[in-house]
Amino acid sequence: MYRQIKIKKGRERSLINRHPWVFSGALAEFPDYGNGEIVEAVSSRNEILGYGFFSPGSQIVCRLFEFTNVRVEHYGSGYFNEKIKRAAALRKRIIGADTDCYRLINAEGDFFPGLIADIYCDIAVLQILVKGAELLLDVIAESLEGLGFKNICIKNPGFNEIEKIDIPYGFIRGESNSQLQVKENGLKFIVDPESGQKTGFFLDQRDNRELVKNFSAGRRVLNAFCYTGGFSVYG
């Protein structure tokens, strides 16, 4: 059974509306729990609201990964594996065969706070941003391997003082390949996960690059902030 955090009366509304963050000021009292510990969030009337990762050093003291009013005794590896499988199935439905670089896990957007997983062909590049996700790193790696990604590396933005996470760049499964050729909407790009921005490429600009392609057809356009030239290649 998980230990509880109690939400002040009147501060439960955001959780009821499925906002995944609990701010420290919303707690009725601040417990002495471990960093990354899974906790049960309850209302002032002891109603179960959900479960999340506890972060005692952060203003966001808990990030929920499950909204439920049912008590859960244990969230095992199968539960988190299923989250990753569902996220992969969603991407498979919406990303075409002419794209092999995309965001597989988008933290709270996929109900997995603290985890970013970007795919570059056969490599998964991770950012681990909260201690709760770090404690599940082996489960995450095994799930990704099960989906066929044998090469898995971590590229964190640096030492996270709040979450006490210090993971250097490196492969935790498979081996390095610093010159990756990937496809986005049929166009080829070279990506370097180790030295590139974010996890190697600005994947969230895929639709914008396609939009610029439509606007710039037949025109001469200056790309003043080219980075790896993504918009220029589309142009």
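Look above for the structure.
Residues numbered from 1 in each chain as written. Predicted model: local features only at pLDDT ≥ 70, side-chain atom pairs only at ≥ 80, totals over all residues. Heavy atoms only, no water.

(A) Representation of the environment of Phe23. Structurally, Phe23 can be placed in strand β2 (residues 21–23). Apart from residues lying up to four places away in sequence, Phe23 is in contact with Gln59, Ile60 and Val61. (Helix = DSSP H or I, 4+ residues; strand = E, 2+ residues; numbered from the N terminus. Contact = heavy atoms within 4.5 Å.)

(B) Representation of helix α2 (residues 77–94) in the model. For α2, with 18 residues, the first-to-last C-alpha span of 26 Å sits near the 26 Å given by 1.5 Å per residue. Its buried side turned inward, α2 meets β3 (38–42), β4 (48–54), β5 (60–67), β6 (101–106) and α4 (137–146). (Expected span 1.5 Å × (residues − 1).)

(C) Region of the structure containing the sheet that holds strand β8 (residues 123–128). The strand order across the open sheet formed by five strands is β6-β7-β8-β9-β10, and the pairing between neighbours is mixed. Pairing within the sheet leaves two strands with one partner each, and these edge strands are β6 and β10 (170–173). If you compare each strand with its neighbour and ignore which way they point, the axes differ by 25° on average. Pairing analysis gives four bridges linking β8 to strand β9 (residues 151–154), with the strands arranged parallel. Within the sheet, the bridge partner assigned to Ile123 lies in β9 and is Asn151. (Pairing = 2+ DSSP bridges. Axes fitted to C-alpha atoms, helices over the stretch in contact; angles between N-to-C directions.)

(D) Quick peek at the nonpolar core. Residues Phe80, Leu104, Phe112, Leu126, Ile128 and Leu144 are the most contacted members of the largest nonpolar core, which totals 36 residues. Of all the secondary-structure elements, those providing two or more residues to this core are β3, β4, α2, β6, β7 (115–120), β8, α4 and β9. The element that contributes the greatest number of residues to this core is α4, accounting for five residues. In contact with Leu144, other than residues within four places in its own chain, are Ile84, Leu104, Ala124, Leu126, Phe149 and Ile152. Core analysis: the next-biggest nonpolar cluster, separate from the first, contains 15 residues, Ala26, Ala41, Phe54 and Leu64 among them. (Core = buried A, V, L, I, M, F, W, Y, C linked by side-chain atoms within 4.5 Å. Buried < 20%, exposed > 50% of the residue type's maximum accessible area, 1.4 Å probe, protein only.)

None of this, on its own, says anything about what the molecule does.
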